[in-house]
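# Understanding the architecture of this molecule
Listed below, chain by chain, are the residues.
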Amino acid sequence: MATGRVMVIACGAIAREVLRIRDMNGWDHVEVQCLPAGLHNTPQAIPKAVSDKIEQVRNQADTLFVAYADCGTAGALDRVLEPLNIERLPGAHCYEFFAGSEAFGDLTDEQPGSFYLTDFLVRHFERLVIQGLGLDRHPELAGQYFGNYRRVVHLAQDGSRSLRRQAAGHAKRLGLDFDYRQFGDGPLAAALTPVLENAGPATDNGPSASLEKTP
Amino acid sequence: MTEEYDDIILADLSDEELIEQMYDDLYDGLADEVAEGTQILLDRGWEAKRILDEVLVAGMTIVGVDFRDGILFVPEVLMAANSMKAGMELLRPILADTGAKPIGKMVIGTVKGDIHDIGKNLVGMMMEGAGFEVVDLGINVEAETFAAALIEHRPDILGMSALLTTTMPYMQVVIDTLTERGLRDDFTVLVGGAPLNEEFSQAIGADAYCRDAAVAVETARRFVEGTA
Ligand code: B12
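Note that this is a predicted model, so its numbers are computed, not measured.

Moving on, we come to the overall build of chain A. Scanning chain A for helices and strands turns up 10 helices and 7 strands. Whereas a compact globule of 215 residues would reach a radius of gyration of roughly 17 Å, chain A reaches 19 Å, a difference of no more than 12%. Taking the principal axes of its C-alpha atoms as reference, chain A extends roughly 60 × 35 × 25 Å. Counting the 215 residues in chain A, one finds 54% classified as buried. Sequence separation of 24 or more characterises 69% of the internal contacts of chain A that already satisfy a separation of 6 or more. Element-wise, carbon and sulfur atoms account for 49% of the exposed surface of chain A, whose accessible area totals about 10200 Å².

This is the structure:
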């Protein structure tokens, strides 16, 4: 469990949600720093990027938390974090913790040919999906990338209609059906809460009193 | 290099220059040019097998190395693979006519739950380029389907691909199914996909993990030649 000031090192693709959850809960002791969301397409670079960030910020907080799942690093991220005793989000990737593992499993069973969009991916579809896959330069590759897919599933967090409309547009552009599931921040909040909520600035009688925080 | 490039007339180049140019065209993903170059070499009397080995496979190997080293990215690799395919399409019927015996046979597929197939397709193509007969079961392949295909096709090698950490464990299910049926020892099992590693391959009882298509070809060759 976290004590004192907590620094969350978050994937840029989920930072907005992490900040929203923090603010809603009034976790003033939690600070968030992001790494570029583009690392998603080169997962082999994630462990080093996280480890460099840890080096950089470790003196600025009492507890560090990494808001990444395994994210395709196949255990390499855990090999960085375990010796340092730093926790991360559970699961394989962010789609899983945005929907919750069980719901995500059901969606995949229901239609293996599902391509998932989070709010972040809906907003940054052009940069991360289209440009990330080189479809801006080579639109003719779309069939090779998405030929096996049947539908786009928007795993929605904030529930805004404009995002939903955009997501439907992205599905259309890929020539796929569109499905919308509103999950809110619930599953992500559920993963963050146990680690972040009980920390906090030292109170006079708090068990996690931290000297630096005591005025 | 674009303008000067547009002016190049492939048919005017010597064999050596043409091959260099075809390496560049393959690297740049210019499928029409690669097909044209392939046809020119055929017209000059080159054997299909030699064009495949010395031009297409060799050129694609350069692409593979630069992808591994992070110089090229997925779209470039796909474009290059498509160009190689354009050349291979011209060679395939000729190779079939010459009746050259394949050096081995492989059944390949992406495991259940996973529909990533770019890497698998590339491996399949390079294996074919190396003289293997390849039976591609596609994506989202169940253990039963793998088992049935192995019985039907009797390949030397089973290749499984997975790109998701959530689908990697299914490879174990496939291997267990083969073991239960007493089939496991009849085949060499090669596994691949970005999140895998040698340790995982050993843990599930595969014969080898292959980092990329070039390693896959080399490893498969060693197994069929009995030198592995
Ligand atoms: C391209 C890509 C896609 C394309 C797939 C297109 C297609 N037709 O395959 C698209 C955009 C559609 C896609 C979808 C998804 N993807 Co994706 N994808 C990638 C990406 C960027 C590259 C994979 C690739 O094609 N590489 C190029 C090829 C040439 O390399 P390769 O696959 O590694 O293959 C080589 C070797 O591994 C080896 N090899 C491979 N197979 C085999 C088999 C054998 C037998 C052998 C011997 C060797 C071998 O040889 C190959 C050639 O050299 C990776 C990230 C990455 N860099 O790996 C993410 C990645 C694999 N995807 C990921 C995810 C999460 C998804 C989605 C769930 C995302 C979503 N928004 O829905 C969906 C999957 C949904 C589903 N139902 O399956 C994650 C997986 C995370 C995890 N924990 O598992 C990754 C790691 C990205 C990330 N960091 O989050 N993806």
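Residues and elements named next belong to chain B. As a volume, the second largest pocket reaches approximately 480 Å³. Every residue lining the second largest pocket is counted, 19 residues in all, and those nearest its centre are L95, A100, E128, G131 and F132. By residue number, the principal contributor to the lining of the second largest pocket is helix 5 (residues 74-98), which donates 6 residues. The class makeup of the residues in the lining of the second largest pocket is 11 nonpolar, 2 polar and 6 charged.

Residue and element names in this part refer to chain B. Close contact between helix 2 (residues 15-27) and helix 4 (residues 48-68) brings their axes to 9 Å; oriented N to C, the two are set at 45 degrees. On the basis of their axis angle, the class for helix 2 and helix 4 is oblique. Once helix 2 is placed against helix 4, the crossing between them reads as right-handed. Between helix 2 and helix 4, the contacting residues are I19, M22, Y23, L26 and Y27 on the first element and E54, V55, L56, A58, G59, M60, I62, V63 and D66 on the second. Taken together, the residues that form the contact of helix 2 with helix 4 break down as 11 nonpolar, 1 polar and 2 charged.

This part takes up the coordination of the cobalt atom of the ligand. In this structure the cobalt atom of the ligand is ligated by exactly one protein donor, H116 of chain B (NE2), at 2.3 Å. Relative to the helices and strands, H116 of chain B resides in the loop between strand 1 (104-110) and helix 6 (118-129).

To continue, consider the interface of chain A and chain B. Between chain A and chain B, the residue contacts involve 16 residues of the former and 15 residues of the latter. The contact between chain A and chain B buries some 1500 Å² in all, and 59% of this surface belongs to carbon and sulfur atoms. Where chain A packs against chain B, one counts 1 salt bridge. For E76 of chain B, the salt bridge identified is with R137 of chain A, shortest N-O distance 2.7 Å. Inspection of the region where chain A meets chain B yields 4 residue pairs in polar contact (both at pLDDT 80 or more). For the side of chain A that touches chain B, the per-class residue count stands at 7 nonpolar, 5 polar and 4 charged.

This part takes up the nonpolar core. V8, I14, V50, Y68, L89, F146 and L196 of chain A are the most contacted members of the largest nonpolar core, which totals 74 residues. In terms of domain composition, this core takes at least three residues from each of domain 1 (6-93 + 186-211) and domain 2 (101-182) of chain A.

In this section: the domain arrangement of chain A. All names here are of chain A. Split by domain assignment, chain A resolves into domain 1 (6-93 + 186-211) and domain 2 (101-182). The centre of domain 1, based on its C-alpha atoms, is set 26 Å off from the matching centre of domain 2. Each partner contributes residues to the interface: domain 1 has 9 residues there, and domain 2 has 8 residues. Together domain 1 and domain 2 conceal approximately 690 Å² of surface at their shared face, both sides included; 54% is due to carbon and sulfur atoms. Counting across the interface, domain 1 meets domain 2 through 0 salt bridges. Linking domain 1 with domain 2 are 0 residue pairs in polar contact (both at pLDDT 80 or more). When the residues that make up the side of domain 1 that touches domain 2 are grouped by side-chain class, the tally is 2 nonpolar, 4 polar and 3 charged.

Residues and elements named next belong to chain A. Here K53 shows up in helix 2 (residues 46-57). With no salt bridge to any partner, buried K53 finds its closest opposite charge in E31, at an N-O distance of 9.1 Å. Apart from residues lying up to four places away in sequence, K53 is in contact with I9, Q33, C34 and L35.

Conventions adopted
- Residues numbered from 1 in each chain as written.
- Chains lettered and ligands numbered in written order.
- Predicted model: local features only at pLDDT ≥ 70, side-chain atom pairs only at ≥ 80, totals over all residues.
- Heavy atoms only, no water.
- Helix = DSSP H or I, 4+ residues; strand = E, 2+ residues; numbered from the N terminus.
- Rg over C-alpha atoms; globule rule 2.2 N^0.38 Å.
- Buried < 20%, exposed > 50% of the residue type's maximum accessible area, 1.4 Å probe, protein only.
- Contact = heavy atoms within 4.5 Å.
- Areas by Shrake-Rupley, 256 points an atom, 1.4 Å probe, with all protein chains shown as cover.
- 1 Å grid on protein atoms, 1.4 Å probe; cavity = no way out; pocket = protein on both sides within 12 Å on 5 of 7 lines; lining within 4 Å.
- Points joined across faces, edges and corners; volume = space filled by probe spheres on them.
- Nonpolar A, V, L, I, M, F, W, Y, C, P; charged D, E, K, R; others polar.
- Axes fitted to C-alpha atoms, helices over the stretch in contact; angles between N-to-C directions.
- Parallel < 35°, antiparallel > 145°, perpendicular 65-115°, else oblique.
- Left-handed = near helix turned anticlockwise from the far one by under 90°.
- Donors = N, O, S within 2.8 Å, 3.2 Å for Na, K, Ca; no water.
- Buried area = accessible area lost by both parts, 1.4 Å probe.
- Salt bridge = Lys/Arg side-chain N within 4 Å of Asp/Glu carboxyl O.
- Polar contact = N/O pair within 3.5 Å; in protein donor to acceptor, adjacent residues only side chain to side chain.
- Core = buried A, V, L, I, M, F, W, Y, C linked by side-chain atoms within 4.5 Å.
- Domains from an automatic or database assignment.
- Lys, Arg positive; Asp, Glu negative; His and termini not counted.

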